[in-house]
Amino acid sequence: MAGGSEADEKRAGATVETDVLVVGAGPTGLMLANWLRRLGIRVVVVDAKSGTTRESRAIVVQARSMEIYEQLGLIDEVLPRVTTIRLLAPGFERTRFSTIPIGALGAGLTRFASLSVLEQSRNEALLYENLRSVGGDVLWRHSLASITEIEGTDGADGGIEAVPADPAAPRIRARFCVGADGAGSFVRQSRGIAFEGTTNAHVFYVCDAIGVTGLTADAVNVVPSPRDVLLTFPLGDGDHHRLIGIARAPLGEQAGAVEEGPVRALLEREFGVTWGRSTWFATYRVHHRVAARFRDGPFFLAGDAAHVHSPVGAQGMNTGLQDAHNLALKLAEVISGTADVAWLDHYEIERRPVAQRLIRSTDRVFAAVTSDTRRARLARRALVPALAPLLTRVIPRVGGASRLFGYLSQIRVHYWASGSEKARARGSRDPVVGRRLPWTGENHACLAAVEWQVHSYGGGAVRREQGDRIGETLGMAAVHFATTGGSLLSVDDVYLVRPDGFVAARARPAVALAVFRARLAEFGRTRPVGPVAG
């Protein structure tokens, strides 16, 4: 069980029984726990750390993650804490070019058409605070010695048992376990799941600096030179920025050998960037890896335990938050008895291809940015100064720019209905089905109900009545909107919308019942339902 009772049982050394054990209280684990509590599911969270992260670490919350916070009911707590970035500022060496308006690229696609800076530490603090407010908590300093699958008896479901390293701490029994415990995941290693991929040869530095000069203010700065590249994000307060770059020799070949002083000298010499003091300086290597499986019976992997990749595009923390959202809603439906356990297979079917695509794309960009070949250096010296000024004028005017925003903001994520490679090879991606519901300006508010819905658009009273009849027959809410808001939605179709806001199916009203029933059966629905749980 969650909340104070967990702490009491911990002191007593008892066995805690719950629905879901979450291992890891980073952003992914805390988001998962918050959603499970929101849906009325018992959850226990354990973490070997003493408390939430203090370092800023990941900093950008993309538009799709902001929408998830909104659906969770926390957006009013999130918005006052974020620094909103609306500009992208390209440059080359000490030269700065015109800016590109990020907000304009996402206009009409989402309520959150910008980049939102909210450091990992502040995401964790917010989610932990909310978890405690709804009766949950985290068992801190709770390392695990083992975690095993247990068989059910007398017709009851099986589950997992987690044995703590501290004999005085409680054992935990749960129906399901989610490993959200980072790249070195104990859960993943315990299940023998391969973590396939590579480690980049380069060492990178990250510096949160105050009193920064030489950058375009209130913008993401992307500034290459022939041999180096500097990526920066504003952290609020005007001159407070995160600086990210490559620590090439002679700065240091080993991560621990790179110090702030030589980096200061490099950035001033190459880019004309200086700063007063730093609040955090660290070095790291970049990994590109994805787990061979995201599900192993009652065990699941999410966030960095399932995939790690380069910081290109600020996708990492966001992908984990979206893993948590997807999985929590599926677990809630299965535990509440409204979906068959086979519905959980779709977590891997949906989220693992997202991680694979992300790793492939960021790996390609990362390789191009970090290449130190003579050809790459010459290309950067010749092309960047010539093309960057042109692109700042062209990008805001071309239609493909909004598509690029969609990818970076993760609102264009696509889920296949089938895990079959052959089916995916034969199929084509529908512009709406398998994607997050296109935003019309008014049709996302109803998603706060966290339920299966039938949506219809335009067509007046006739279309509304058709949607109402379909919803009533299926036992779910029907919602009608007067207009598509210029989105990809059509007034000729009705739409089956999942609790997570993704479109499960579309069809003409005359055949919608048959199409929707087939899709619901494919997704393991056992009975109609309003709200997911709780």
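Scroll up for the structure.
Residues numbered from 1 in each chain as written. Predicted model: local features only at pLDDT ≥ 70, side-chain atom pairs only at ≥ 80, totals over all residues. Heavy atoms only, no water.

A. Layout of the overall build of the protein chain. Along its length, the protein chain carries 15 helices and 24 strands. A buried classification covers 54% of the 534 residues belonging to the protein chain. Surface summary for the protein chain: the accessible area is close to 21,600 Å², and the carbon and sulfur share equals 52%. (Helix = DSSP H or I, 4+ residues; strand = E, 2+ residues; numbered from the N terminus. Buried < 20%, exposed > 50% of the residue type's maximum accessible area, 1.4 Å probe, protein only. Areas by Shrake-Rupley, 256 points an atom, 1.4 Å probe, with all protein chains shown as cover.)

B. Seen up close, the environment of F516. As for its placement among the helices and strands, F516 is situated in helix 15 (residues 512-522). Among the residues examined, F516 registers a relative accessible area of 0% and is labelled buried. Sequence spacing of F516 and Y495 is 21 residues, and the spatial spacing of their C-alpha atoms is 8.6 Å. The contact partners of F516, leaving out residues within four places of it in the chain, are V454, I470, L474, V494, Y495, L496, A505, R506 and A507. (Contact = heavy atoms within 4.5 Å.)

C. Structural detail: a nonpolar patch on the surface. A surface patch of nonpolar side chains, about 460 Å² in accessible area, is lined by L383, L387, L390, L391, V394 and V398. Structurally, the position occupied by L383 is in helix 11 (residues 374-394). (Patch = residues over 30% accessible without salt bridge, like charges linked within 9 Å, V, L, I, M, F, W, Y side chains within 5 Å. Salt bridge = Lys/Arg side-chain N within 4 Å of Asp/Glu carboxyl O.)

D. Region of the structure containing the packing of helix 2 (residues 27-38) against helix 6 (residues 120-133). For the pair helix 2 and helix 6, the least separation of the axes is 9 Å and the interaxial angle reads 25°. Taken as axis vectors, helix 2 and helix 6 run roughly parallel relative to one another. For helix 2 against helix 6, the interelement crossing comes out left-handed. Together, P27, L30, M31, A33, N34 and R37 of helix 2 and Q120, E124, L127, Y128, N130 and L131 of helix 6 make up the contact between the two elements. (Axes fitted to C-alpha atoms, helices over the stretch in contact; angles between N-to-C directions. Parallel < 35°, antiparallel > 145°, perpendicular 65-115°, else oblique. Left-handed = near helix turned anticlockwise from the far one by under 90°.)

E. Structural context of the nonpolar core. Formed by 110 residues in total, the largest nonpolar core has its most connected members in V20, L21, M31, W35, Y69, L331 and F516. Here this core takes ten residues from helix 9 (residues 316-335), the largest share from any one element. In terms of nonpolar packing, the next biggest core, distinct from the first, is built from 17 residues, Y205, L267, F271 and W275 among them. (Core = buried A, V, L, I, M, F, W, Y, C linked by side-chain atoms within 4.5 Å.)

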